[in-house]
Amino acid sequence: MYSLTNVLHKLFNSMSLSRKQILILCFYSSAALSQNSAPIGESKRPPIQGTKAKTSGSTDAPTTKDSKKLNDSDPQQKTSDKNQEDCLKLFNRYAVPYKDLWAKRPKDLKIEDTDGLNLIEDMTAQHCQETETRKEFITLLTKLLNQHSGKIAVILPLTTKIQTRHIIKGSKNLDPKNVLIIYDSVSQLPRLESFLSEAIFKHRASAIVAGYESSELLTLNEVSAKFSIPVFAINNPQPNSVKNNFMYYTHPTPNGIAQAIVKANKFYNHKKISILRPNDQHSDNIARELEIVAKSEGVEVLHNVSFDNRRADQMERAARQLFKLAPNERLDELKRLFENAKRHAAAKGQTFNPRMVALQPVVLQDAIVILDHFKSVRHMAKIFTYLGVRKLPLVGHFEWRSAGLVEPFDPVFSGSYFVDIIGNYSAVPEGLRVPALSNQPLLISHDKVEQLDFSMIGYRAVQTPVNLSMAKSKPRRKLDSLIPRTSGISAEEIYFNDANTINWPTYQFEVVPRGSGGSIILK
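Note that the coordinates shown come from a computational prediction; the quantities given were computed from them, not determined experimentally. (Residues numbered from 1 in each chain as written. Predicted model: local features only at pLDDT ≥ 70, side-chain atom pairs only at ≥ 80, totals over all residues. Heavy atoms only, no water.)

Q: Could you clarify how one ought to interpret the packing of aromatic side chains in this entry?
A: Two descriptors summarise a pair of aromatic rings, namely the distance from one centre to the other and the angle between the planes of the rings. This structure, assessed with the given rule, holds 14 aromatic pairs. On the numbers, 5.0 Å between centres and 90° between planes, the contact of Trp102 with Phe201 is edge-to-face. Of this pair, Trp102 sits in helix α4 (residues 75-102) while Phe201 sits in helix α8 (residues 189-201), and the two are 99 residues apart along the sequence. Taking the relative accessible area as the measure of exposure, Trp102 reaches 8% and is therefore buried. (Phe/Tyr/Trp six-rings, centres within 6.5 Å; stacked < 30°, edge-to-face > 60°. Helix = DSSP H or I, 4+ residues; strand = E, 2+ residues; numbered from the N terminus. Buried < 20%, exposed > 50% of the residue type's maximum accessible area, 1.4 Å probe, protein only.)

Following this line, the structure appears as structure tokens:
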């Protein structure tokens, strides 16, 4: 053994570092063999660092401390450990969600596996210890995350939601190079996941437009983050949603509408407002944002009152609340009016009619915001006139935009105004234009309004991803850096703000009398 050691020592000094390590391990394995350890060859790898060697007390076998010194002194071993550690991080970060989504692909989907996609299905954390498999895995992941095909998957409930057909019309208006791949999710989450799998693995989609249903947003948020693929949701963020730089929201936001209304109020120097709204979630959201924005801009909100717009009595009750016309609010004043009316009737020898006694409205606000459609607004205007309020600016939003608001003209609307997300209809993208009314150049037929609104939402939802699809030189996982951003609302550019919601332009309209009727003008 002594002579063997001398020979090994000479060989050791003449070898490269990696061969030295092998020789040391062989030497220690020989010593372990003499102590009844397992035969060399039963294990292809050295013991895991930090475990105790089974030497039955032999002082020749390496201790944990000795093994650590050996590994610390070996750069190649340290590199190997680091590679394994990085591989495990990548596996947990990407492979696990990839495997989950790969399993949800359509069963009849045929994918030509030229990139080794089958490796995803078979990959386990243990494979990170195998150099060749590890290399294949990292190469595949890099390609999948970087590959930028320019294709855009549009996944919408086309057969269950009529509005989505108009969204598709707007989307196709921006598709001259046929980059859109359109799927019908039928409002079913499993179908959405199945199409996401097909879009990502088969078509290598560079962006996704989806999220019409709020129930889809959580899944889309996770997919966008885990696969580094930009998703543009036709929706608003949900409360407490987790933000990531690959998830964007393209629907007009309640905050954007509130900002536009407050901006218009300040334009007319209206510093005190009241809010009337139907009791639905959409109006609630706008009203809540309106209160927040108004406070930040120094505009005081005196009331925020909801009503059922299907019931005239509730609408009148809400209006009375704005002008302090509820009997219990001014009871003493009402009693005095009754006594005076009785004395006046007695003095004239007339029968007293209590219905002729009415409180005069107390108008403290500069304007009233009504977040409802034009039919409801016209009815509310008649209630105001009945209550004695005949001149008070009314403020609205996009649901006011109809010829029905001004024909026939009601004088109570003089000086009123509203905001909309579309300006002059003649300026919308070609292919989406709808002829304006002959006598109202800023209005279109009422039955076309919703169609055009959703077509514009579709157009703007794909506007950014289509631009991204042309940037072929950029890796897909870095496309988020190309998404333009701006602060505030711009009428010239459709950018995203820091909350990843789109900055829709807004336009201000004024209601004015014209001849025997009325009209609207763009301010």
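Now that the structure has been shown, the text picks up again.
Q: What exactly am I supposed to notice about the sheet that holds strand β7 (residues 300-307) here?
A: Backbone-to-backbone hydrogen bonds pair the strands of a sheet. The strands run either parallel or antiparallel. One open sheet accounts for seven strands, arranged β7-β6-β8-β9-β10-β13-β14; its pairing is mixed. Looking along the sheet, the strands with just one partner apiece sit at the ends: β7 and β14 (517-522). With strand direction ignored, the average angle separating the axes of adjacent strands in the sheet is 25°. Both strand β10 (residues 417-420) and strand β13 (residues 507-514) contribute to a ladder of four bridges, which runs antiparallel. (Pairing = 2+ DSSP bridges. Axes fitted to C-alpha atoms, helices over the stretch in contact; angles between N-to-C directions.)

Q: How should the sheet that holds strand β4 (residues 231-233) be read in this particular structure?
A: The five strands are arranged β2-β1-β3-β4-β5 in an open sheet whose pairing can be described as parallel. Single-partner strands in this sheet number two, and they are β2 (180-184) and β5 (247-249). Each neighbouring strand pair of the sheet contributes to a mean axis angle of 20°, computed without reference to strand direction. Sheet topology places strand β1 (residues 152-156) next to β2; five bridges connect them, and they run parallel. Within β2, the residue paired with Ile155 across the bridge is Tyr183. Taken strand by strand, α8 contacts β1, β2 and β3 (207-210), and its axis lies near 155° from that of β2. Strands in contact with helix α9 (residues 217-227) are β3, β4 and β5; relative to β5, the strand with the most contacts, it is inclined by about 140°. (Contact = heavy atoms within 4.5 Å.)

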